[in-house]
Amino acid sequence: VQLQASGGGLVQAGGSLRLSCAASGTIFSIHDMGWYRQAPGKQRDLVATITTGGSTNYADSVKGRFTISRDNAKNTMYLQMNSLKPEDTAVYYCNADAFTGFKRDYYWGQGTQVTVSS
């Protein structure tokens, strides 16, 4: 299973970005998916998760500003980020709990850089 994250970039504070994460390869099913982020010198933190059925969970720091969604038919997940702040600057990684038909495991994308200027 390969995860390809895209959509990052440089944006001014108050702006918006939309991240995408497309899963490909030998996929039988995908369960929970999520976005995480890691700022320089800091640990990787949870941003948001979404179940197959669409139930969502957000870090307190992004509630009301970020929206996670997924298209199960396309094996793709999104993160709409509004009202961005400089403290949102980080590399954003996508994660998926996927079953290939032989094994179930957690997979990570390569990360996409989000930079918010003040």
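Details of the structure are given in the entry above.
Note that the coordinates shown come from a computational prediction; the quantities given were computed from them, not determined experimentally.

Topic: the pairing of strand 8 (residues 76-81)
The buried count for strand 8 comes to five of six residues, which makes it a mostly enclosed element. With six bridges connecting them, strand 3 (residues 17-24) and strand 8 associate as antiparallel partners. Bridge pairing in strand 8 links cysteine 21 to methionine 77. Pairing analysis gives six bridges linking strand 7 (residues 66-71) to strand 8, with the strands arranged antiparallel. Its bridge partner lying in strand 8, phenylalanine 66 is registered against methionine 81. The antiparallel pairing of strand 7 with strand 8 creates a hairpin that spans four residues between the two strands, and asparagine 75 there sits at a positive phi of about 50°.

Some details on the nonpolar core
Counting residues in each nonpolar core, the largest one holds 30 residues, and the members touching the most others are Trp35, Leu79, Met81 and Tyr92. Elements with a contribution of two residues or more to this core: strand 1 (2-6), strand 3, strand 4 (29-38), strand 5 (44-50), strand 7, strand 8, strand 9 (90-99) and strand 11 (112-117).

Examining the environment of lysine 103
Mapped onto the elements, lysine 103 comes out in the loop between strand 9 and strand 10 (104-108). The class for lysine 103 is partly exposed, based on a relative accessible area of 44%. Separated by 75 residues in the primary sequence, lysine 103 and phenylalanine 28 place their C-alpha atoms 9.7 Å from one another.

Thoughts on the pattern of salt bridges
Applying the stated rule across the entire model yields five salt bridges. In this structure, lysine 63 and aspartate 60 form a salt bridge, with 3.1 Å as the shortest nitrogen-oxygen distance. Under the relative-accessibility criterion, aspartate 60 is labelled exposed at 63%. In this structure, aspartate 105 engages lysine 103 in a salt bridge whose closest nitrogen and oxygen atoms are separated by 3.8 Å. Its relative accessible area of 31% is what places aspartate 105 among the partly exposed residues. Three or more residues are tied together by salt bridges with common partners; here these are Arg37, Arg65 and Asp88.

Brief notes about the side chain of threonine 100
Among the secondary structure elements, threonine 100 is positioned in the loop between strand 9 and strand 10. Polar contacts involving the side chain of threonine 100 include one to the main-chain amide nitrogen of phenylalanine 102, which spans 3.1 Å. Dropping the residues within four chain positions of it, threonine 100 is found in contact with Val1, Thr26, Phe28 and Tyr107.

Cut-offs and rules
- Along every chain, residues carry numbers that run from 1 in the direction the sequence is written.
- Local features in this predicted model are restricted to residues of pLDDT 70 or higher, and side-chain atom pairs are both shown and tallied only at a pLDDT of 80 or more, whereas totals for entire chains, interfaces and linings draw on every residue.
- The basis for every side-chain value is the complete set of non-hydrogen atoms in the structure, without hydrogens or water.
- When a residue's accessible area, from a 1.4 Å probe over protein chains only, is under 20% of the maximum for its type it is buried; when over 50% it is exposed; and in between it is partly exposed.
- Each helix is a run of H or I in the DSSP string that is no shorter than four residues. Each strand is a run of E no shorter than two, and both are numbered from the N terminus.
- In this scheme, strands are said to pair when DSSP sees at least two bridges between them.
- In this text, buried Ala, Val, Leu, Ile, Met, Phe, Trp, Tyr and Cys residues form a nonpolar core when linked through side-chain atoms within 4.5 Å.
- Note on definitions: salt bridges are taken to be side-chain nitrogens of Lys or Arg within 4 Å of carboxyl oxygens of Asp or Glu.
- Here a polar contact is recorded for every N or O atom pair within 3.5 Å, except that within protein the pair must consist of a potential hydrogen donor and a potential acceptor, and residues adjacent in sequence are included only if both atoms are side-chain atoms.
- Two residues qualify as a contact provided that any one of their heavy atoms is within 4.5 Å of a heavy atom in the partner residue.

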